[in-house]
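So you can see what is in the structure, the chains are spelled out below.
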Amino acid sequence: MRAYDYVIVGNSAGAAGCIEGLRCVDKSGSIAVIAEENRHIYSRALVPYYLDGKIAGEKMYYRPADFYKRAAVDLLEDKAVKLDTALKRVELADGRLVGYGKLLLATGGRPIFPPIPGLDKKNVFSFHSLDDALGIEETLPAAKNAVILGGGVIGLMAAEVLHRKGLQVHVLELADRLLAPVIDETASALVEKTFQEAGVEINTRNTIEKIHGADRVENITLRDGRTIPCDILIVGVGVTPRVELAEGTDIKINRGIVVNRNMQTSAPDVYACGDCASTYNFVTGETHPLPLWPNAYRGGRIAAFNMAGLEREYTWGTSMNAMHFFDLNLINAGLNITGSGGGDWEIIAAVDEQQKTYRKFVLNRDGRIKGFVLAGQIARAGIFLNLMRREIDVRGFRQELLSTSFGYSNLPDDMRWQLLENEVILGVV
Amino acid sequence: MGRVVAKPEVCIGCRLCEIWCSVAHSRSRNIIKTFLYEEKKPFPRVTVEEKLPLTFAIQCRHCAEPDCVAACIGGALFKDPASGRVVHDREKCVGCYSCVLTCPYGSIVVDPKRREVFKCDLCAGLDELYCVSHCPNEALVYVPEE
C-alpha cells in the first residue's frame, strides 16, 4: 500500500486551495490527489462560458498544465470507493489502497435530478461538468427548442447561453419567482424582466408534468397543461453534497460532511471542504452546505494549514453570488430577507426599474449588515462584504450605502482608519 | 514585492494618480495620445475616494491571503509566489465579477461595457510606479514588503 502524508479526494477548487495551501507551509510532504474524472483540473463554473464561445476548451483548465508536477502531487485517476478512518486508508475502484496521514474530502456535489420519469433520455443534461458541456455542444446544432428545469443561478445561466445559441428557450421554475432562495422579490422581477426582454419564456409556478419521446425527449407537457416541443432539456435545480465516502464511517453528516471552523470532520485527521461539506456560515452562525466557489477554495486552503499543523479558522464563509444575465449584473451576500423587513430587520433600499438598478441592505438591530443585494451597479461590492465580516455598525451612514460611489470615505474617521489601519500612512502632518 | 500606500492627510484630490495610471496602462504611454487618440481608453486601476475635505487613493493591496484569488472561477487571478504580486491574467478572465464581490477594498475596477476587470499590477514591466512618481504632493509612496 502506498501511503502519503496528505491525500485529497476530489480535483476542483477545494483540491487546488488545499494543494496551494500545503505547499506554502510544507514543501516536502507527499501529496496525492484522487480524481475520478480523467481530466486535468478544470473549472465547472466555466461551463456556461465555454458553451457561449467565450473561451476555448483549454481555457477551462483552472491551473496550468504543469500544476501537479510543480506542486509535486501524485495524480491518481480513479474513483475512491471506500474510506477506512481507523486504518487511515482509501480504497480505489481498481482495488488499490492509498494510505493517508491527513485526508481532505473535496468530493463536491452531484446535480439533483427530480424523480420525473424520462430524465434518463439522451438529450437531457445537467449543467455541471465538462462532459455535460461537450454533450450539450454536440446536441445543439440540431436543436431548436430548449427547456430549462430550474430558475436558479445554474438554470438561468444555461437559459442565457442557449438563447444566444439561437434556441427558443423555456425556463420552468416551481416557485412563484426566479432565484427565490438567493434574492428578494424586487431583484427577481428585474431578472425576470431582463429574460423576457431578451425573448426567453419564463414559466414560474410551473414544472414538468410528463416527458414524451422514445430515447430522446421530444415534447414536454407542463403542469399548466400546455405541451411544448423540446430538443434539449437542461436540469438545473441544484446540487446535493456528495457524502458517500463518509457514509458508514464515524464521520458526522448533516446534509453535507460536517466540519468545524478548522475544516475538520468528526473523524481524526479527516478534513472536508467545498460542495460536499457543511461549513460554518458567519452570518447565521449555523453549519450547512455553502456550495460556492470561494468557499470551496478558501475552505481547502484553511484545511491545508490545519492539516500541516498550523491552526487556522475559516470564519468568513457565507452565501454569496456574483451573477450576470444579459446586461444585468447582480451581486448578493448573506441573508436574503424578503418583503419590507420589519421585526428584527431594518431594510435600506432603492430601486430604479427603468435603469434596472437596485441596492438593498439588511441591517440587524445593532446596525450590522447581514445581507445585501446590488443589481445594475455592482462596483466595489466587496466593501459591503467586508463591512459585514467586520460587523461594522453602519447606522451612522446608513443612507449613504445607497450611493453608487460608496467607499471607505463614507465611514466615520475612526472607523475608516481602523479598517484601513495597515493600508494608509497617517500622522505625517 | 510591496505595495503602494496613501498618505490621506497630504492628498489634495487632484486625481493625477488615476490619470497617470491610465497612461501607464495605455498603448502609447503618452498622456496626450492616451486621452485624445487611443480608441480603448485604459481604466485607472487606482481609485481616489473623496468626501471633502477628505481624499485619498486606494488600489490593490496585494493581500497575503487574497480573497479575489480564492473567488476567481477561472484561475485568472493568482498570487505570484516569487514577487508577491496578485496578478490578473486577462486572457483567462471571463468577467464573472466574483473578485468584485470579494475584494474588501473595492480595488478591482470594472468596465461594465466590455465585461472586463482591471487591477493594480504595480506597473509590471515599467521602470517606475506611475501613480507614485507623478503624485505632486508625495501622497503616494511605495512600501516594500517587510
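Values in this document were obtained by computation on a predicted structure and should not be read as measured data.

Chemist: So what exactly am I meant to see when it comes to the overall build of chain B here?
Modeler: On a plain count of helices and strands, chain B comes out with 5 helices and 8 strands. Scaling as 2.2 N^0.38, a compact globule of 146 residues should have a C-alpha radius of gyration of about 15 Å, and chain B matches this with 15 Å. Taking the contacts inside chain B whose residues are at least 6 apart along the sequence as the reference set, 59% of them involve residues at least 24 apart.

Chemist: Before we go on, may I ask you to explain the overall build of chain A in this structure?
Modeler: Broken down by element type, chain A carries 9 helices and 26 strands. Overall, the C-alpha framework of chain A stretches about 75 × 65 × 40 Å when taken along its three principal axes. A separation threshold of at least 6 residues defines the contact pool for chain A, and within that pool the share at least 24 residues apart is 62%.

Chemist: How do you make sense of the sheet that holds strand β8 (residues 124–126) of chain A when you look at a structure like this?
Modeler: The strands making up a sheet associate through hydrogen bonds between their backbones, and the pairing can be parallel or antiparallel. All names here are of chain A. Strand order in this open sheet of 5 strands is β8-β15-β9-β10-β11, and the pairing throughout is parallel. The open sheet terminates on both sides in strands that have one partner only, identified here as β8 and β11 (201–204). Each strand axis lies, on average, 20° off the axis of its neighbour in the sheet, ignoring direction. As paired elements, β8 and strand β15 (residues 232–235) share 3 bridges and run parallel to each other. Paired with V124 across the two strands is L233, which belongs to β15.

Chemist: Just checking my understanding: could you explain the interface of chain A and chain B for this structure?
Modeler: Where interface size is quoted, it is often the accessible area lost as the parts come together. Contacts between the two partners involve 39 residues from chain A and, on the opposite side, 31 residues from chain B. Elements that contribute at least two residues to the side of chain A that touches chain B include exactly α7 (293–307), β22 (320–325), β23 (328–334) and α8 (382–389) of chain A. When residues in the side of chain A that touches chain B are grouped by element, the largest group, 5 residues, is from α7 of chain A. Of the residues that constitute the side of chain A that touches chain B, the class distribution is 23 nonpolar, 9 polar and 7 charged.

Chemist: In this structure, what is going on with the sheet that holds strand β12 (residues 208–212) of chain A? I would like to understand it.
Modeler: Residue and element names in this part refer to chain A. The strand order across the open sheet formed by 3 strands is β12-β13-β14, and the pairing between neighbours is antiparallel. Because the sheet does not close on itself, it has two edges, and the strands there are β12 and β14 (227–229). For this sheet the average axis-to-axis angle between neighbouring strands, irrespective of direction, equals 25°. Bridge count for β12 against strand β13 (residues 219–222) is 4 bridges, and the pairing is antiparallel. Pairing of I211 across the sheet is with I220, part of β13.

Chemist: Looking at this model, I keep getting lost on the pairing of strand β4 (residues 80–84) of chain A. Mind explaining?
Modeler: Consecutive side chains of a regular strand alternate in pointing toward one face of the sheet and then the other. All names here are of chain A. Two elements, β4 and strand β5 (residues 89–92), share 4 bridges in a ladder whose sense is antiparallel. Bridging from a neighbouring strand, K82 pairs with E91 of β5. Linking β4 back to β5 in an antiparallel pair, the connection comprises 4 residues, with K88 at a positive phi of about 55°.

Chemist: Hey, could you run me through the domain arrangement of chain A in this one?
Modeler: Residues and elements named next belong to chain A. Once the domains are mapped, chain A shows domain 1 (2–110 + 239–307), domain 2 (117–235) and domain 3 (327–419). Taken together, the contact between domain 1 and domain 2 spans 10 residues of the former and 12 residues of the latter. In terms of residue class, the side of domain 1 that touches domain 2 is built from 6 nonpolar, no polar and 4 charged.

Chemist: Would you take a moment to explain the UniProt feature "domain: FAD/NAD(P)-binding" (unreviewed entry) in chain A for this structure?
Modeler: UniProt feature "domain: FAD/NAD(P)-binding" (unreviewed entry): in the numbering of this structure it lies at residues 4–299 of chain A. Helix makes up 22% of residues 4–299 of chain A and strand 29%, with an end-to-end C-alpha separation of 21 Å.

Chemist: Explain the environment of R29 of chain B here, please?
Modeler: Residues and elements named next belong to chain B. Its location among the elements puts R29 in the loop between α1 (16–24) and α2 (31–36). Assessed through the 13 C-beta atoms surrounding it within 10 Å, R29 is described here as partly exposed. If we skip the residues at most four places from it in the chain, R29 touches V23 and A24.

Chemist: Mind showing me how you'd approach helix α1 (residues 13–25) of chain A here?
Modeler: For α1 of chain A, with 13 residues, the first-to-last C-alpha span of 19 Å sits near the 18 Å given by 1.5 Å per residue. Counting buried positions over the 13 residues of α1 of chain A gives 10, a clear majority of the element. Among the residues of α1 of chain A, those classed as buried are A13, G14, A15, A16, G17, C18, I19, E20, G21 and L22 of chain A. Tucked into the core, α1 of chain A has its buried residues touching β1 (2–9), β2 (31–34), β3 (73–76), β6 (97–105) and α7 of chain A together with α3 (67–71) of chain B.

Chemist: Where do I start with α7 of chain A in this structure?
Modeler: Every α-helix winds through 3.6 residues per turn, so residues three or four apart in the chain are directed the same way. Residues and elements named next belong to chain A. The terminal C-alpha atoms of α7, which comprises 15 residues, lie 21 Å apart, in line with the 21 Å expected from a rise of 1.5 Å per residue. Of all the 15 residues making up α7, 15 are buried; the element is thus mostly covered by neighbouring parts of the structure. Of the residues trailing α7, G309 is marked for its positive phi of about 100°.

Chemist: Which parts of the structure should I look at to understand the nonpolar core?
Modeler: Where a protein is soluble and globular, its nonpolar side chains tend to be buried together. Counting residues in hydrophobic clusters, the biggest one holds 184 residues, and the most contacted among them are V7, I34, L104 and L105 of chain A together with V100 and C131 of chain B. Contacts of L104 of chain A, omitting those with residues within four sequence positions, involve I8, C18, Y271, A272, C273, G300, A303 and M307 of chain A.

Chemist: What should I look at first to understand the environment of A272 of chain A in this one?
Modeler: Residue and element names in this part refer to chain A. Note that A272 resides in strand β19 (residues 270–272). On the basis of neighbour count, A272 is assigned to the buried category, with 33 C-beta atoms found within 10 Å. For the pair A272 and L105, spaced 167 residues apart in the sequence, the C-alpha separation amounts to 4.5 Å.

Chemist: Is there a simple way to think about the pairing of strand β20 (residues 277–280) of chain A in this case?
Modeler: Residues and elements named next belong to chain A. Relative to β20, strand β18 (residues 256–258) runs parallel, the two being bridged by 2 bridges. In the sheet register, V258 faces β20, and the bridge partner there is S278. Where β20 lies against strand β21 (residues 287–289), 3 bridges are found, and the strand directions are antiparallel. Looking across to β21, one finds that S278 is bridged to P289. With antiparallel pairing between neighbouring strands as the criterion, β20 and β21 make up a hairpin whose turn holds 6 residues, including G285 at a positive phi of roughly 80°.

Chemist: Help me understand the confidence of the model for chain B, please; the structure alone is not making it clear to me.
Modeler: With 99% of its residues at a pLDDT of at least 70, chain B reaches an overall mean of 95. Interface scoring of the predicted complex returns ipTM 0.97; its pTM is 0.96.

Reading the values: rules and limits
- Residues numbered from 1 in each chain as written.
- Chains lettered and ligands numbered in written order.
- Predicted model: local features only at pLDDT ≥ 70, side-chain atom pairs only at ≥ 80, totals over all residues.
- Helix = DSSP H or I, 4+ residues; strand = E, 2+ residues; numbered from the N terminus.
- Rg over C-alpha atoms; globule rule 2.2 N^0.38 Å.
- Contact = placed C-beta atoms within 7 Å.
- Pairing = 2+ DSSP bridges.
- Axes fitted to C-alpha atoms, helices over the stretch in contact; angles between N-to-C directions.
- Nonpolar A, V, L, I, M, F, W, Y, C, P; charged D, E, K, R; others polar.
- Domains from an automatic or database assignment.
- UniProt positions renumbered as here; feature names shortened; annotations may be inferred.
- Buried ≥ 20, exposed ≤ 12 C-beta atoms within 10 Å, placed from the backbone.
- Expected span 1.5 Å × (residues − 1).
- Core = buried A, V, L, I, M, F, W, Y, C linked by C-beta atoms within 7 Å.
- pLDDT = per-residue confidence, 0-100.

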